[in-house]
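# Coordinate inspection notes
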Amino acid sequence: MEKPERLITEGKRLDGRALNELRPIKMKVGPLKRADGSGYVEWGKNKVLASVYGPRETHPRHLQESDSAILQVRYNMASFSVEERKRPGPDRRSTEISKVTREALMPALFLGYYPRSSIDVNIEVLQADAGTRCTGINAASLALADAGIPMRDLVVAVAAGKIDGQICLDLDKNEDNFGEADMPIAVMPRRKNITLLQMDGDLTPQEFMQAMDLAMGVVDYLYEMQRNALMEKYRG
Amino acid sequence: MSDTVETANRALVTPGTLVARGRYKLEEGVFREGDEIYSSVIGLVDLHGNTVRVIPLEGAYIPKPGDRIVGMVTEVQFLGWMVYIRSPMPGILRVSEVPYNFDVVKGNLEDILRTSDLIYAQVLSVNELMQVKLTMQEPELRKLVGGRIFTISPAKVPRVIGRKGSMISMLKRSVCREILVGQNGIIWARCTDARREDLLKTILRKIEREAHTSGLTNRIKSLLQEERRFGEAGATDNGRQEAGR
Amino acid sequence: MQEVVEEVKRESIRSLVADGKRPDGRAFDQFREITYETNVISTAEGSCLLHLGDTQILVAVKTAAGEPYPDSPDEGVLITSAELVPLAAPDVESGPPLSSDKYIEIARVVDRSIRESKMIDFSKLCLERGKYVVVVFVDIHTLDDGGNLIDGATLASVIALLTCRMKKWELVDGKPVAAAGQTQALPIRRIPIACSVAKFGKALLVDTTHEEEIGMDSKIVFGLDEEEHIRAIQKTGSGPWSREEIEAALELARKTVSDLRKKLKLEVAA
């Protein structure tokens, strides 16, 4: 798509959203039967599935730690998930995302309960439209709770950014491509502790704090959504 | 500073939910941050006396001494066997822990147990390295022959057993005489025919899905009665007695 | 055994910092001494060997002619990679996967500061629209890991690019050729500098040594341009941050980068 002349017209974005509006989100817990825990999130056009196996024996053995479990996260984009088919397999981007996702989830887990074990999280992006790492973190949080891994708190994630010079929430693909900044954040909602923070683009310090506050403002909403999805599995 | 309860007893909670405040004694599924007590898992709040816990609805099997488990031999080693018990670390069964006389010089471990054999064993000890030692030195513990394996989430095992064994007794009476429920969520059963094995599978799935609800025992009872109405070809003596009731 | 040693080190560093001190006696907002040499690799078009305390990083810049990305047919391309050279540290980290993701992160965060600040004017690196552009390779070699690799690598890369004498690419019979014996400077517009702020409980420190990195909770890297606009942010490590702590870290980074700019006096080549 050619760069559109404007991403915002009269306060409305190309898809009709307001600046502080999230795309429609659906969350489901436990869609996979073989995994110890699983979560599925549809966020706008993103479709992301997460599975958790563990705690289980660590492979390879030498990675194990004597006093706690290790957390291994693999974020992967399916080759068909993007417009132009992506070569299957890990690339540098997915390696980086796997690392920061792992660091976003770790503080929420009581890894000390399972020495010498491994908790393995797999995040598979089936369809992508910007914001996949945030969608993946939400799905992984559901999957970890579904697997019965003891957690201090759930972990929610959302991105804020800047388009046409204005700070906004939850960029879609066009906005990410043609906008001025994209900033994903992951938070443990209870104490509003930030466990993932990245940004690429151009923000003044004031814009940065504004974007952060905008993202923090929807944390409780996403928390409620995750909690409802978890309880839905048992209530339905 | 008073002790307060923040959620209703038996309420369904998610990780990170505030359950109580104050000097409660903590059991499973909860953790403390200062004065506040939070749930660490998805489960049901259980407050009794001054103890608070959250009964997990999901979770891995963490072996405890005394647990009876169903496992599968994965390796024959020097003086014993490695056993898969569905926990983060495998179980170790030493030849000294099986009730057979074994000649260390001339004997062949494979004559006692070989890979893929199923056993009903007991957890003897778990050390700080999470190494699990098993034993078969109790009367009911034995190698399991024939039958079929079913798996269920370890957190749901108490429900399969039921209060004072009510659920498992009902299943043994009405479905399969021989059922062994491992604390590790592996269940072995030897039924008279495949139909009964399938029925047991259906019931176990139902228990797993509805473990957290009340009235489950009655619903299973109704299910069993329905089954009896729709054909009892090849029913055992057991079954005929039930039908008469 | 390794784990026990690490744990002891971790605890002793943390209690030192809690007392307001650092193992090498520096202030919390003080960078170690920075020295560098440029043009150390004759086979590269630009290079910089940078010393940041005990950390030694070598960055080499080479160019080639190649295809542009489909969505920017008239712009040059930047490819940044980072490698840990085995002589840089005893093999503390176990297994290829865990240690290589650290280096992929370094490359990508260095690239982010350079790319997002629009340091290089890629529109001046087009030879034939849609067909041939100049590809700039920035290769980061960590020779000695004394801590704070991201800030060091960003600085070394920026200096290598600033002092680079690039081949003079031109089209001859429709094919890109490097004109013999001629060089030119890269078209540079801005000079980004990265500053990582590490968190130890409530304390914030800049320029962590390798030892301090064992004891810290996590860090946040801020990539800033001359106007103090933020071009890249990366939280790395697992300790969580509060909104206020992040705000304080940004302030510390701004002040530190401003001091560094005055000290280093980096300039765009004429």
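Residue indices begin from 1 for each chain and proceed along its sequence in written order. Starting at A for chains and at 1 for ligands, labels are handed out in the order in which the entities are written. Totals for whole chains, interfaces and linings use every residue, but because this is a predicted model, local features are given only for residues with pLDDT of at least 70 and side-chain atom pairs only at 80 or more, for both listing and counting.

## Side note on the overall build of chain B
Inclusion rule: Each helix corresponds to a stretch of at least 4 residues labelled H or I by DSSP, and each strand to a stretch of at least 2 residues labelled E; elements are numbered beginning at the N terminus. As a rule, residues whose C-beta atom has 12 or fewer other C-beta atoms within 10 Å are exposed, those with 20 or more are buried, and those in between are partly exposed; C-beta atoms are placed from the backbone. Note that contacts rest on C-beta atoms placed from the backbone: two residues are in contact if these are within 7 Å.
The number of helices and strands found in chain B is 5 helices and 17 strands. Counting only C-alpha atoms, chain B reaches 70 × 55 × 25 Å along its principal axes. Burial status across chain B gives 36% buried among its 245 residues. Taking all contacts inside chain B whose residues are at least 6 apart in sequence as the whole, residues at least 24 apart take part in 56%.

## A word on the packing of helix 2 (residues 166-174) of chain B against helix 4 (residues 216-229) of chain B
All names here are of chain B. Our working rule: Angular values range over 0 to 180 degrees, each being the angle between N-to-C directions of two axes fitted as lines to C-alpha atoms, with helices fitted over their stretch in contact. Just so you know how the angles are binned, under 35 degrees is roughly parallel, over 145 roughly antiparallel, 65 to 115 roughly perpendicular, and the rest oblique. Any residue outside Ala, Val, Leu, Ile, Met, Phe, Trp, Tyr, Cys, Pro, Asp, Glu, Lys and Arg is labelled polar, Gly included; the first ten of those are nonpolar and the last four are charged.
At a minimum axis separation of 11 Å, helix 2 and helix 4 run at an interaxial angle of 5°. As summarised for this structure, helix 2 and helix 4 are arranged roughly parallel, according to the angle between their axes. Here helix 2 contributes S166, M167, M170 and S174 to the contact with helix 4, which in turn contributes T217, I220, K221 and L224. Looking at the contact of helix 2 with helix 4, its residues break down into 4 nonpolar, 3 polar and 1 charged.

## Side note on unusual backbone geometry
Excluding glycine, residues mostly have negative phi values, and the peptide bonds linking residues are mostly trans. Residue and element names in this part refer to chain A. Cis peptide bonds are those with omega within 30 degrees of zero, and the linkage from G54 to P55 qualifies with 0°. Looking at where P55 falls in the secondary structure, it is placed in strand 5 (residues 46-57). A cis geometry characterises the amide bond from H59 onward to P60, with omega recorded as -5°. Mapped onto the fold, P60 is located in the loop between strand 5 and strand 6 (70-77). Not every positive phi belongs to a glycine, and E10 is a case in point at roughly 50°. Within the secondary structure, E10 is located in the loop between strand 1 (8-9) and strand 2 (12-13). Located in the positive-phi region is D170, a residue other than glycine, with phi close to 60°. Tracing the chain through its elements places D170 in the loop between strand 9 (166-169) and helix 3 (173-178).

## Section: the confidence of the model for chain C
Residue and element names in this part refer to chain C. Short version of the rule: Per residue, pLDDT measures the predictor's confidence, with a range of 0 to 100.
Scored by pLDDT, chain C has a mean of 92; 93% of the residues are at 70 or more. In the predicted structure, residues 92-98 sits below a pLDDT of 50 and forms 8 contacts with residues beyond four places in sequence or in another chain. Model confidence for the complex is summarised by a pTM of 0.85, with the ipTM given as 0.91.

## Things to note about the interface of chain A and chain B
Contacts between the two partners involve 24 residues from chain A and, on the opposite side, 18 residues from chain B. Residue assignment for the side of chain A that touches chain B shows that the elements contributing at least two residues are strand 5, helix 2 (132-146) and helix 5 (219-235) of chain A. Per-element tally for the side of chain A that touches chain B: the top contributor is helix 5 of chain A, with 4 residues. Considering only residue class, the side of chain A that touches chain B consists of 12 nonpolar, 3 polar and 9 charged.

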